[in-house]
Amino acid sequence: MMEKTQRITPRTLKGFRDYLPETMIPRERLTEIAQQVYRSYGFAPIDTPALEYYEILAGKGGDETDKQLYQFEDHGGRRVGLRFDLTVPFARFSAQYINQIGTPFKRYHIGKVWRGENTQAGRYREFMQCDFDTIGTESIVSDIETTLVIHDLLNSIGFEGKYTIRINNRLVLSGLLDKLGLLAKTVPILRALDKLPKIGREKVAEEMIQSADATCQQADAVLQLAELKGTSDEILKSLATMVSGNEAGEEGVEKLGTVIKNVQAAGVPEKTVQIDVSIARGLDYYTGMIYETFLHELPGIGSVCSGGRYDNLASLYTKQQLPGVGASLGLDRLLAAMEELGKIEKISTPADIFIPFFVANRLGDYLKLAVNLRRAGFKVEVYPEAKKLGQQLKYADKRGFAYTVVIGEDEFEQNTCQIKNMKTGETVNCPMTEIALQI
């Protein structure tokens, strides 16, 4: 007697997910837009392995990131980890190939990363990042260009006038901490400050006191800086006073002013880029400019494009000085926001045109028509079975095709067709040779 097969329940791990066509199609569209924008600035594509030696990844993003790192011993007994972002592998990549690629080097990298963090809306343990970076130069031009790329990226996706790029410079924070005698406690102070929007002033102050041994007065001084409001000019004047006499702080204020001045000169609206001194970015490797981008209609979902300058990260892998700056589009978070805002059209096909196959002895003619339309630049699907037309039209409507080209025996004899607009329901009769002109 045969044993009964025990079926495995199909399921995914917590924090991981499958992507159906209706999700993957807009997802791929966003990556295509990102590629076009990045390439328009001269960024070249690269790729790196998902797995790195543990020592490459550990300690680069801070204690919290180390806790979230997926790590294990491989079959060769090597300690390895899944990359938690694309910046650290890029620093390793740059150190390894710098003599071959030269500097400055501008790259973009679109790939999956993994962090074992708590899941929430728009946050997963496996997610896609769309990074762009310039390495090998300290020039403020690269910091300005990073802002411009974020601006063009959000505009191209369809959020023009509906987002704000918030910028800060860690040198400003470092300058104040130096004046307060807290420079040695920079990391815990910045980590606490990064939580300000989430947990509020009082709890951030408590964390600074507990984790950085700050006094109440010191914590209050840091928070006063972080809570500065007003126009860019007003904030810059206040910052200049607060860090006066500290070289690093003054340099940070000057660089913030230079970025603001030049992105506006390049045509970016004043309200689009704003100084926000509360932005600290949780990763330890940032040293200068930092960026976060928030949607006006859904600020609670968090930053959808973030990054900054990291002048010392590659020094962990090489003696050569390789300062870098860049940012990353949070693809999955942005898609979650777009879905919530109703900005994603639910379609399950990438094809433009659907051709029903319902005259069984005309398969070759249907296929020939599809080939000709593809050569004309259309994406075309032919139904694989000769079923009733009504059934096939239901299929086309469910998949979200834009047009259906209907050709029965009479149409074949007369060399004509019916083109149905699947959104409006309008039908047009025309010669087969004019299909491309009617769509």
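A short tour of the structure in this document, coming up.

Notes on the sheet that holds strand β15 (residues 416–421)
Reasoning step 1: Taken in spatial order, the five strands of this open sheet run β13-β12-β14-β15-β16, and their pairing is mixed. In this open sheet, the two edge strands, each paired with only one partner strand, are β13 (380–382) and β16 (427–431). Shown here is a sheet whose adjacent strand axes are inclined to one another by a mean of 25°, direction ignored.
Reasoning step 2: Sheet strands touched by helix α14 (residues 363–375): β12 (353–355), β13 and β14 (403–406). Its angle to β13, the strand with the most contacts, is close to 170°.

Quick notes on the nonpolar core
Reasoning step 1: Formed by 74 residues in total, the largest nonpolar core has its most connected members in Tyr38, Leu153 and Ile167.
Reasoning step 2: Ranked by residues supplied to this core, first place goes to helix α5 (residues 140–157) with seven residues.
Reasoning step 3: Once residues lying within four places of it in the same chain are set aside, the contact partners of Ile167 are Leu256, Val259, Ile260, Val273, Gln274, Ile275, Asp276, Ile279, Met289, Ile290 and Tyr291.
Reasoning step 4: With 25 residues, the next largest nonpolar core counts Ile355, Leu373, Phe378 and Cys430 among its residues.

Remarks on the pairing of β16
Reasoning step 1: Where β15 and β16 come together, five bridges link them in antiparallel fashion. Bridged to Cys417 within β16 is Cys430.
Reasoning step 2: Remark: five residues form the turn of the hairpin made by β15 and β16, two consecutive strands paired antiparallel; Gly425 in that turn has positive phi of roughly 85°.

Things to note about the packing of helix α6 (residues 170–180) against helix α10 (residues 216–226)
Reasoning step 1: It is at 11 Å that the axes of α6 and α10 come closest, and there the two elements cross at 155°. Considering their axes alone, α6 and α10 lie roughly antiparallel with respect to each other. Read as a crossing pair, α6 and α10 show a hand that is right-handed. Together, Val172, Leu173, Leu176, Leu177 and Leu180 of α6 and Gln218, Ala221, Val222 and Leu225 of α10 make up the contact between the two elements.
Reasoning step 2: Taken together, the residues of the contact of α6 with α10 sort by class into eight nonpolar, one polar and no charged.

Reading guide: rules and limits
- Residues numbered from 1 in each chain as written.
- Predicted model: local features only at pLDDT ≥ 70, side-chain atom pairs only at ≥ 80, totals over all residues.
- Heavy atoms only, no water.
- Pairing = 2+ DSSP bridges.
- Helix = DSSP H or I, 4+ residues; strand = E, 2+ residues; numbered from the N terminus.
- Axes fitted to C-alpha atoms, helices over the stretch in contact; angles between N-to-C directions.
- Contact = heavy atoms within 4.5 Å.
- Core = buried A, V, L, I, M, F, W, Y, C linked by side-chain atoms within 4.5 Å.
- Buried < 20%, exposed > 50% of the residue type's maximum accessible area, 1.4 Å probe, protein only.
- Parallel < 35°, antiparallel > 145°, perpendicular 65-115°, else oblique.
- Left-handed = near helix turned anticlockwise from the far one by under 90°.
- Nonpolar A, V, L, I, M, F, W, Y, C, P; charged D, E, K, R; others polar.

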